[in-house]
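Report on the structure
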Amino acid sequence: IFPYGDRQIFLSSSEIKQDWSDHALWWEQKQQWLLKPSWTLDKCGIHADARLCLTPQHKPLQLVMPSSIVLRMRVCFSSPVFRTIMGICKLLNIRRPEELSLLWPVEEKKKKKDKDVGEEVYDITCAPLPSSTIPKLANGMPAFFAETPETEVVYKILAVSQPAPAPETIAKLYRTTNIMEKAHINSRWLDSSRSLLQQGVKENDKLILRFKYYTFHDIIPQADVVRLTQLYEQSRWAILLEEIECTEEEMMVFAALQYHIGKVSLTEQSVASCPAMEDLDLALQCLEVKMEGESSADDIPKRLTLKGYKQYWFTFKDTTISYYKSKEESSKEPIQQMNLKGCEVAPDVSVAGQKFCIRLLIPGPEGMNEVYLRCEHEQQYSRWMAACRLASKGKTLADSSFSSEVQSIQSFLAMQKTTPRNNTAQTDESINTHSLVSPRYQKKYKPKQLTPRILEAYQNVAQLSLTDAIQKFLQIWQALPDFGLSYIVGCRKDEVLGIANNRLIRIDLSVGDVVKTWRYNTMRQWNVNWDIKQVAIEFDGNVNIAFSCVTANCKIVHEYIGGYIFMSTRCREQSDTLNEELFHKLTGGHEAL
């Protein structure tokens, strides 16, 4: 007899000899869990025709990690997905679980000639269920993983980057070819405010765990070994599968870093011995290269060139750039002044082509105004890019981080230079180029052409530690123009909404370009009309936009915007305790509120 409130549920005698502590009632008709045993069935709304199922709350699930390895583990099917992910991350020792979420895998059509090759699944269903206590560590890993050699191997696979699979395996992986297909991927995110069972997930189903929100808070390498490795793996596959575009020079640097990380990872004997990033602030600045600049209280006049090669005399003071026809006229009224506070800063650089441009998206009443500045050489570019980044954050050139920002930019430029040193290194045949570059460059160049170029770039990163190399990879990834953009198709097929960590953009596919940009810091409010599936947003200056979703539920757009607003409320002084109630208020929609 299983008591529930003032009623009793009768079970067969064969079922009684079990541990029922993890069981709860599932109401099939209403797709609802009954998780308040103190309530009577009448209070829950149960009638005589109700079909209730007594079932475990934690069930096995196949979880595809960012590194593509598959774990079989018990997860909570009764809690909201947000809390389920917290339990998953606690077991795997991944901090900041709010940055991740679950999505359905893409259903791929199998070709007849493709044989079913069983992928390796690492079973850790014997792991204890998550608790509110902080997991104990042993040998640098959660105590559970240190219990047996088999589980210890699983943890090291999670914590250390693994060699790339064979080229033929990579070729079979699903790859998006356009924005519409990328938007289709974003329609597969699960609702964070509903449970797995409510969303049709069944025992032993396969789901994908990914970093959903591209704002990575409070990274501490000593404590974030798995988190940092999985973040690197997600960025690496985004590059290799062409989910984000990069230049040829950047691809060679990505390839060199992958080659180096692969070599160094093989020598890592202990997870606990992973090198740490000595300066956390600098590490986060590198990771935040998507760029928000800062400026200074000093004048640093330099001669720059606007796109179109028209030359002006520029000065930089506080957070404002002013420009004049010539140096002689700099004592007069400027042609224009641009306050960079809150602007978007991105590089447009080709070291080989001696192109050093800075792309600015400056907030205006009708959206963002785009301005390009062209520098004469890399020294000038480094100082002005650093100043722009600081200015966008409301800082000035007098800020103590200006020098380190300049050094970080110069280090990034140095990595793109080719510096061949010895001929023996240039003919290393152990490089599997097809596992290091995207298909576009595999088609463009033969392996014997790619190998020397990758090794030339490798000379600039060969001395980096494992953690520093991963940091550099993430830095360049976050500097890419399309970093962190998640696409949703609107009611018109040629209209796409791009959602990033600090802005929304509207893309017109008929012209293939961004037509509007709005930043969250100018947003006054947003509302969702659940009946017509439309998201309405109001910005400063009485700017209103409305967006209807075609490829995804408008709840996904609502959750993206609310999720990024939630991420912006985090600060380093806070404890690791999440404000789950605030997250659901911002992302849960009418049901959560």
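Residues numbered from 1 in each chain as written. Predicted model: local features only at pLDDT ≥ 70, side-chain atom pairs only at ≥ 80, totals over all residues. Heavy atoms only, no water.

A few points about the overall build of the protein
- Secondary structure summary: the protein contains 17 helices and 26 strands in total.
- Counting over 593 residues, the protein shows a buried share of 52%.
- Pairs at least 24 residues apart make up 65% of the contacts formed inside the protein by residues separated by at least 6 positions.
- On the protein, roughly 28300 Å² of surface is accessible, and the fraction owed to carbon and sulfur atoms is 49%. (Helix = DSSP H or I, 4+ residues; strand = E, 2+ residues; numbered from the N terminus. Buried < 20%, exposed > 50% of the residue type's maximum accessible area, 1.4 Å probe, protein only. Contact = heavy atoms within 4.5 Å. Areas by Shrake-Rupley, 256 points an atom, 1.4 Å probe, with all protein chains shown as cover.)

Some words on the packing of helix α3 (residues 81–92) against helix α16 (residues 580–587)
- It is the contact of α3 with α16, at a shortest axis distance of 11 Å, that shows an interaxial angle of 135 degrees. Judged by the inter-axis angle, α3 sits oblique to α16. For the pair formed by α3 and α16, the contact residues are Phe82, Arg83 and Met86 on the first element and Glu580, Phe583 and His584 on the second.
- Split into classes, the residues belonging to the contact of α3 with α16 amount to three nonpolar, one polar and two charged. (Axes fitted to C-alpha atoms, helices over the stretch in contact; angles between N-to-C directions. Parallel < 35°, antiparallel > 145°, perpendicular 65-115°, else oblique. Nonpolar A, V, L, I, M, F, W, Y, C, P; charged D, E, K, R; others polar.)

Digging into the sheet that holds strand β26 (residues 543–548)
- Here we have three strands laid out as an open sheet, ordered β24-β25-β26, and antiparallel in their pairing. Across the chains shown, the open sheet's two edge strands, defined by having one partner strand only, are β24 (523–529) and β26. Strand-to-strand, the axes of this sheet are offset by a mean angle of 15 degrees, without reference to chain direction.
- In the sheet, β24 pairs with strand β25 (residues 534–539) via six bridges, with the strands oriented antiparallel. Residue pairing for β25: methionine 523 is matched across the bridge by phenylalanine 539.
- Contacts from helix α15 (residues 554–568) reach β24 and β25 within the one sheet, and its direction differs from that of β24 by about 155 degrees. (Pairing = 2+ DSSP bridges.)

With respect to the packing of aromatic side chains
- The final tally for this structure, using the stated rule, is 24 aromatic pairs.
- Counting every residue linked through ring pairs, the aromatic cluster contains Phe211, Tyr214, Phe216, Trp477 and Phe483.
- Cation over ring: lysine 212 sits above tyrosine 560, and NZ or CZ is 4.8 Å from the ring centre. (Phe/Tyr/Trp six-rings, centres within 6.5 Å; stacked < 30°, edge-to-face > 60°. Lys NZ or Arg CZ within 6 Å of the ring centre and 35° of its normal.)

Quick look at the side chain of glutamine 57
- Tracing the backbone through its elements, the reader meets glutamine 57 in the loop between β5 (52–56) and β6 (58–64).
- At a separation of 2.8 Å, a polar atom in the side chain of glutamine 57 contacts the side chain of serine 78.
- The residues touching glutamine 57, leaving out its near neighbours within four places in the chain, are Asp22, His23, Ala24, Trp33, Leu35, Val75, Cys76, Phe77 and Ser78. (Polar contact = N/O pair within 3.5 Å; in protein donor to acceptor, adjacent residues only side chain to side chain.)

Let's talk about the sheet that holds strand β3 (residues 23–27)
- In spatial order, the strands read β4-β3-β5; together these three strands make up an open sheet with antiparallel pairing. Where the open sheet ends on each side, the last strands, each with one partner, are β4 (32–34) and β5. Neighbour-to-neighbour, the strand axes of the sheet open up by a mean angle of 40 degrees, direction not taken into account.
- In terms of strand pairing, β3 meets β4 through three bridges, oriented antiparallel. Looking at β4, one finds that tryptophan 27 is bridged to glutamine 32.

Concerning the nonpolar core
- Counting 148 residues, the largest nonpolar core has Leu196, Leu340, Ile358, Leu360 and Trp477 as the members making the most contacts within it.
- A per-element tally of this core places helix α8 (residues 248–267) first, with 10 residues.
- For leucine 340, the residues in contact, after removing those within four places along its chain, are Phe316, Thr319, Ile321, Leu360, Ile362, Cys388, Ala391 and Ser392.
- Among the nonpolar cores identified, the runner-up in size contains eight residues, and Tyr487, Val489, Val496 and Ile505 belong to it. (Core = buried A, V, L, I, M, F, W, Y, C linked by side-chain atoms within 4.5 Å.)

Observations regarding the pattern of salt bridges
- This model, assessed by the stated rule, comprises 28 salt bridges.
- The partner of lysine 355 in a salt bridge is aspartate 348, and the shortest N-O contact between them spans 3.1 Å.
- Classification of lysine 355 by relative accessible area gives partly exposed; the value is 28%.
- Beyond isolated ion pairs, a larger network of salt bridges with shared partners links Arg95, Arg96, Glu98, Glu99, Asp218, Asp224, Arg227 and Arg570. (Salt bridge = Lys/Arg side-chain N within 4 Å of Asp/Glu carboxyl O.)

Notes on the confidence of the model for the protein
- Taken as a whole, the protein shows an average pLDDT of 82; of its residues, 83% reach a score of 70 or greater.
- Throughout residues 269–307 the model reports pLDDT below 50, and contacts reaching past four residues in sequence, or to other chains, amount to 163 contacts. (pLDDT = per-residue confidence, 0-100.)

Describing the pairing of strand β18 (residues 355–364)
- With seven bridges connecting them, strand β17 (residues 344–350) and β18 associate as antiparallel partners. Pairing of aspartate 348 across the sheet is with cysteine 357, part of β18.

What about the side chain of serine 322?
- Topologically, serine 322 is positioned in strand β15 (residues 320–324).
- Those residues in contact with serine 322, other than ones at most four positions away along the chain, are Trp313, Phe314, Thr315, Pro334, Gln336 and Gln337.

Quick look at the environment of serine 78
- You can see serine 78 is positioned in the loop between β7 (70–76) and α3.
- A residue is classified by how much of its surface remains accessible, and serine 78, at 7% relative accessible area, is buried.
- If near-sequence neighbours (up to four positions away) are discounted, serine 78 is found in contact with Trp33, Leu35, Gln57 and Ser195.

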